[in-house]
Amino acid sequence: MRPTWRRLLFELYECFKCGFACRGGRDMLLRLLNQLARFAPLLLVVSYISLSYGLFLFGPIRWDAPNISYVTIFMSVCLIMLVLGYSVGMRSISISTRQIPWRPFFWVGAIASGVLLFPSAWIYMNKNPWDALHLAQCQNVAYMEMINGIGNDSTGYRYIYVLARAFLAPFTFSVLPLCILHWDEMRWKEYALLAVYLLSALCMSLLRGTDKEIADIVIMLLATLPIVTFRALISRDLPFSRLLGLLSTIAVVIFAGAYMFMERKDARLFRSIPAVAEFNKGHICSAGDWRCACDAESSLKDASSLAAKLQQETCTTDCVGSAGQPVPNSAPPDVGAADKADKATSDVAVSNQTVADQVLRTEAKHGNFLAVMATGYLSQGYLGLSIAMTEDFSSTFGIGHSPLLLHFSKRVLGDDFEKRAYTNKIADRWDAKAKWSTAMTWWANDVSFYGVPFIFAALGLLTAFCWREATEQHRDASAIVLVLCMFLFFYLPANNQLFMTADSGVTVLFWIVLLGWTVISHRTNDSARHVQK
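To keep things clear, this report deals only with the structure shown in the data block.

Conventions we followed
Each chain has its residues counted from 1, following the order in which its sequence is written. Given that the model is predicted, a residue must reach a pLDDT of at least 70 before its local features are reported, and side-chain atom pairs must reach 80 or more before they are shown or counted; all residues, however, enter totals for whole chains, interfaces and linings. By convention in this description, side-chain values take in all heavy atoms of the structure and omit both hydrogens and water. In DSSP terms, a helix is any run of H or I states spanning at least four residues, a strand is any run of E spanning at least two, and both are numbered starting from the N terminus. To estimate how far a helix should extend, the number of its residues minus one is multiplied by 1.5 Å. The bend at a residue is defined as the angle formed between two axes, one fitted to the seven residues ending at that residue and one fitted to the seven starting there. Residue contacts follow a heavy-atom distance rule, with two residues in contact if any of their heavy atoms lie within 4.5 Å. Simply put, an axis is a line fit to the C-alpha atoms, just over the touching stretch for a helix, and the angle between two N-to-C directions goes from 0 to 180 degrees. In this scheme, roughly parallel covers angles under 35 degrees and roughly antiparallel covers those over 145, while 65 to 115 is roughly perpendicular and the rest are oblique. Two helices cross in a left-handed way if the nearer one is turned anticlockwise from the farther one by less than a right angle. They cross in a right-handed way if the turn is clockwise. Polarity classes work like this: nonpolar for Ala, Val, Leu, Ile, Met, Phe, Trp, Tyr, Cys and Pro, charged for Asp, Glu, Lys and Arg, and polar for all others, with Gly in that last group. A side-chain nitrogen of Lys or Arg and a carboxyl oxygen of Asp or Glu constitute a salt bridge if their distance falls within 4 Å. Partly exposed describes any residue whose relative accessible area lies between the buried limit of under 20% and the exposed limit of over 50%, with all areas from a 1.4 Å probe on protein chains only and scaled to the type maximum. Aromatic pairing here means that ring centres of Phe, Tyr or Trp (its six-membered ring) are within 6.5 Å. Orientation follows from the plane angle: under 30 degrees is stacked, over 60 is edge-to-face, and everything else is tilted.

Quick look at helix H8 (residues 158–181)
Relative to the 34 Å expected for 24 residues at 1.5 Å per residue, H8 spans 34 Å between its end C-alpha atoms, a close match to the ideal helical length. The sharpest bend along H8 reaches about 50° and sits at alanine 169, with the proline proline 170 one to four residues further on.

Observations regarding the side chain of glutamine 497
Here glutamine 497 lies in the loop between helix H21 (476–490) and helix H22 (502–532). Here glutamine 497 is in contact with Lys212, Tyr491 and Ser504, once residues within four sequence places are set aside.

Some thoughts on the side chain of serine 113
Looking at where serine 113 falls in the secondary structure, it is placed in helix H5 (residues 102–125). Not counting residues within four places of it along the chain, the set of residues in contact with serine 113 comprises Thr172, Tyr197 and Ser200.

Some thoughts on the packing of helix H20 (residues 438–472) against H21
As a packed pair, H20 and H21 sit with axes 9 Å apart at the nearest point and diverge in direction by 140°. In terms of their interaxial angle, H20 and H21 are classed as oblique. As H20 runs across H21, the sense of the crossing is left-handed. Taking contact as the criterion, the partners of Trp443, Leu459, Leu462, Thr463, Cys466, Trp467, Glu469 and Ala470 in H20 are, on H21, Ser478, Ala479, Val481, Leu482, Cys485, Met486, Leu488 and Phe489. Of the residues assigned to the contact of H20 with H21, the class counts are 13 nonpolar, two polar and one charged.

Quick word on the pattern of salt bridges
Side-chain pairing between opposite charges can occur once the charged atoms of the two side chains come close. If you walk through the whole model with that rule in mind, you get seven salt bridges. One salt bridge connects glutamate 190 with arginine 103, and the closest N-O pair in it is separated by 2.6 Å. Remark: arginine 103 occurs in helix H5 and glutamate 190 occurs in helix H9 (residues 188–208); sequence separation between them is 87 residues. Overall, the relative accessible area of 0% leaves glutamate 190 in the buried class.

Overview of the packing of aromatic side chains
Counting across every chain of the model gives 21 aromatic pairs. Geometrically, the ring pair formed by phenylalanine 105 and phenylalanine 510 is edge-to-face, given 6.3 Å between the ring centres and 65° between the ring planes. A residue pair is termed long-range when its members are at least 10 positions apart, and phenylalanine 105 in helix H5 and phenylalanine 510 in helix H22 qualify at 405 residues. Judged by relative accessible area, which is 29%, phenylalanine 510 ranks as partly exposed. Members of the aromatic cluster, connected to one another through ring pairs, are Tyr48, Phe173, Phe487, Phe490 and Tyr491.

So this is what it looks like as structure tokens:
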């Protein structure tokens, strides 16, 4: 019989009195950690979502959101359903799975990541992988060239490459999680393949001037390291030095990611705004002319610097005229021009900026550059959610959760079908192509906002099942599906990341089907052994 929480707390109190010096005290601590480990993913997810929504309500950016009370009630209900689903999944589901061979997935994925680097650099950026060394010092240029060329398929092979990349995506996604899960079993050739995988991700990040590749690696580390930790904890084979090393690694990854986020966003955002802002309207500055507006060095480190930078960036509207022609750079405005510039650019440039640029149209209440930018990333989607909740529901019948499916649906079902989605109904106020609206809005396209809490309950069930199988039974397929769930929760304040592209959609479907196959195969083997007995 498992000890109750009341009994565990009483024993913990007794152990504190002896300073955990006795053997019973150490055993008690391990049992308490085992109980906490069972609900670790739930605690992390609920804390993260609460933090992002708390930044939306009380962060350094003042969002002018409608229906704020309804959104708060909606988010509370979603979190309650997530907790209920996880609790049911942890206590009631007793399905088991079988193990999969990890090395074939690792080898195919690692080799594919290195091979795909060359066509990726050529097709999307018209560059070679070694050009990343030069672009490392000018990430704003890399980002602008990627944005300017993203709609041009000069090679004619892009669709073929997309299909090949989607086919290999389930393997490339599994490389880093499998590496961490089986670190002590790897051979020197596999360590070399891991280096190829990491270098490929770094090269793509530098060639594109974006943070997503590095962010994905950070999420994989943060999602997989707890699995390794609790696997060792359950087997009681985790020295304190190793636990301290894992915690130190997580801390280093978080701080390194925050530093790279701040430095690269500071370099990219404020020297790249005009072309990004006007890209979707087709009014892109000619080659080199985007520098006319945003040449100033970015030294934004606090809220006062943000106000000064807003004044400098008013030249955004001057870089591209009403006819789409570049115009000469204008002098910085006077001290009171920031508010005027914000109003003047709201209809022209800001409405088509990327998520990071949205900070420029808001009022910074307090905080430094990292706090303001992190708040813009983590909380902007809730504003889109609040706007979408003012619209009536028209189901998209299982297609609207994916921007990719919704885009191609108009070829078969017509333009009117695409307009049924919340994200398109609010396009005149909140353009989903350039701004975030949370994953909940994308799910609501299919099931309405009344059905979204039940999706949270289902996700709670799946997360609990995969966490238990990954830690207690050491099942790798469950571990990778759990990492996918962590991806979904991490990007939840922004969009439905797992179905944004063909790569991610195929990856999810592949591993869900494989997980189902491991369940069926395990049951079949158990039935055969029972018949033999």
